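# Reading the structure
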Amino acid sequence: GAGVSQSPSNKVTEKGKDVELRCDPISGHTALYWYRQSLGQGLEFLIYFQGNSAPDKSGLPSDRFSAERTGGSVSTLTIQRTQQEDSAVYLCASSRGDRVSGETQYFGPGTRLLVL
Amino acid sequence: AQSVSQHNHHVILSEAASLELGCNYSYGGTVNLFWYVQYPGQHLQLLLKYFSGDPLVKGIKGFEAEFIKSKFSFNLRKPSVQWSDTAEYFCAVTLYNTDKLIFGTGTRLQVFP
């Protein structure tokens, strides 16, 4: 079946502009995660949605970052007033959300963000 | 804070050589352990995982990893690498009752024919 999809695949923006990144999880997956992959920091957790529960936002680096998940499916990560240090690949992952130990997360291709 | 260490940042091997990539984590409680691989131009994908049972875990493409609790380690091994194994390899953990992956910094593997 279809995997996790993300759009756009690449985004170039100017410092100070807002950006929105989109993630479509695998159909039927109730858990959705955002990670960031950057040269200086490696792969970092950002935020996690599980069903109707309040999201775990503990990884968001600043209040310029926010995310929402509408209808339990598509998610949008928004970065306001972008800074050059926000340049990274933003990865989305989803899992079944069964809360089974060691559940596999399936990753999308990522959105490569460059802030000039 | 919990962390994952991968000691080898860049490994270069010839085909048919044996591979062992180190992974250590710092957390005293129950963990789930993962190795993910990212082939050039492709998504991150799961290579293998451990969550309970036999500490020797076998994954895709002939890879295996051994969980040694006393050493907080989960090293990845393959007896004979191929050129197609050229990729970046990430070790990751999830802590008990959480689902967010904590990743190591990754190991870039280059295999030459």
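What follows concerns the sheet that holds strand β3 (residues 19–24) of chain A. All names here are of chain A. If you trace the 4 strands from one edge of the open sheet to the other, you get β1-β3-β7-β6, paired in antiparallel fashion. Strand pairing shows two members of the sheet lacking a second neighbour, β1 (5–7) and β6 (65–69), which therefore form its edges. Each adjacent strand pair in this sheet contributes to an overall mean axis angle of 15 degrees, direction not counted. Where β6 lies against strand β7 (residues 75–79), 5 bridges are found, and the strand directions are antiparallel. Within β7, the position partnered with A67 by the bridge is L77.

The next thing to look at is a nonpolar patch on the surface. Residue and element names in this part refer to chain A. A contiguous nonpolar surface patch, about 280 Å² in accessible area, is contributed by V12, L114 and L116. Within the secondary structure, V12 is located in strand β2 (residues 10–13). For V12, a relative accessible area of 53% corresponds to the exposed category.

Now for the layout of surface pockets. Computed from the structure, the largest pocket encloses a volume of approximately 670 Å³. Forming the boundary of the largest pocket are 30 residues, of which Q37, V89 and R112 of chain A together with Q38 and E88 of chain B lie nearest the centre. Within the residue set of the lining of the largest pocket, elements represented by two or more residues are β4 (31–38), β8 (88–95) and β10 (111–115) of chain A together with β10 (87–95) and β12 (107–112) of chain B. Within the lining of the largest pocket, the residues separate by chemical class into 12 nonpolar, 15 polar and 3 charged. Approximately 320 Å³ is the volume attributed to the second largest pocket. Secondary structure elements with two or more residues in the lining of the second largest pocket: β5 (42–50) of chain A together with β11 (102–103) of chain B. Here the lining of the second largest pocket gets 4 residues from one element, more than from any other, and that element is β5 of chain A. Its residues assigned to classes, the lining of the second largest pocket shows 8 nonpolar, 8 polar and 2 charged.

What follows deals with the packing of aromatic side chains. Across all of its chains, the model carries 14 aromatic pairs over all chains by this definition. Residues Y35 of chain A and F107 of chain A carry aromatic rings whose centres are separated by 5.5 Å and whose planes lie at 45 degrees to one another, so their mutual orientation is tilted. Remark: F107 of chain A occurs in strand β9 (residues 106–107) and Y35 of chain A occurs in strand β4; sequence separation between them is 72 residues. Here Y35 of chain A matches F107 of chain A in class, with each residue buried. An aromatic cluster of at least three residues, connected via ring pairs, comprises Y33, Y35, F45, Y48 and F107 of chain A together with F34, Y36, F90 and F103 of chain B.

All names here are of chain A. By secondary structure assignment, the location of T13 is in strand β2. The exposure class of T13 is buried, given its relative accessible area of 8%. Beyond its immediate chain neighbours, meaning those up to four positions away, T13 contacts V19, T82, L113, L114, V115 and L116.

Going from S7 of chain A to P8 of chain A, the amide bond is cis rather than trans, its omega being -10 degrees. Mapping P8 of chain A onto the fold places it in the loop between β1 and β2. Positive phi values are uncommon outside glycine, yet R81 of chain A reaches one of about 50 degrees. Checked against the element boundaries, R81 of chain A lands in the loop between β7 and β8. According to the relative accessible area criterion, R81 of chain A is partly exposed, its value standing at 42%. For K61 of chain B, which is not a glycine, the phi torsion comes out positive at approximately 60 degrees.

Conventions and cut-offs
- Residues numbered from 1 in each chain as written.
- Chains lettered and ligands numbered in written order.
- Predicted model: local features only at pLDDT ≥ 70, side-chain atom pairs only at ≥ 80, totals over all residues.
- Heavy atoms only, no water.
- Pairing = 2+ DSSP bridges.
- Helix = DSSP H or I, 4+ residues; strand = E, 2+ residues; numbered from the N terminus.
- Axes fitted to C-alpha atoms, helices over the stretch in contact; angles between N-to-C directions.
- Patch = residues over 30% accessible without salt bridge, like charges linked within 9 Å, V, L, I, M, F, W, Y side chains within 5 Å.
- Areas by Shrake-Rupley, 256 points an atom, 1.4 Å probe, with all protein chains shown as cover.
- Salt bridge = Lys/Arg side-chain N within 4 Å of Asp/Glu carboxyl O.
- Buried < 20%, exposed > 50% of the residue type's maximum accessible area, 1.4 Å probe, protein only.
- 1 Å grid on protein atoms, 1.4 Å probe; cavity = no way out; pocket = protein on both sides within 12 Å on 5 of 7 lines; lining within 4 Å.
- Points joined across faces, edges and corners; volume = space filled by probe spheres on them.
- Nonpolar A, V, L, I, M, F, W, Y, C, P; charged D, E, K, R; others polar.
- Phe/Tyr/Trp six-rings, centres within 6.5 Å; stacked < 30°, edge-to-face > 60°.
- Contact = heavy atoms within 4.5 Å.

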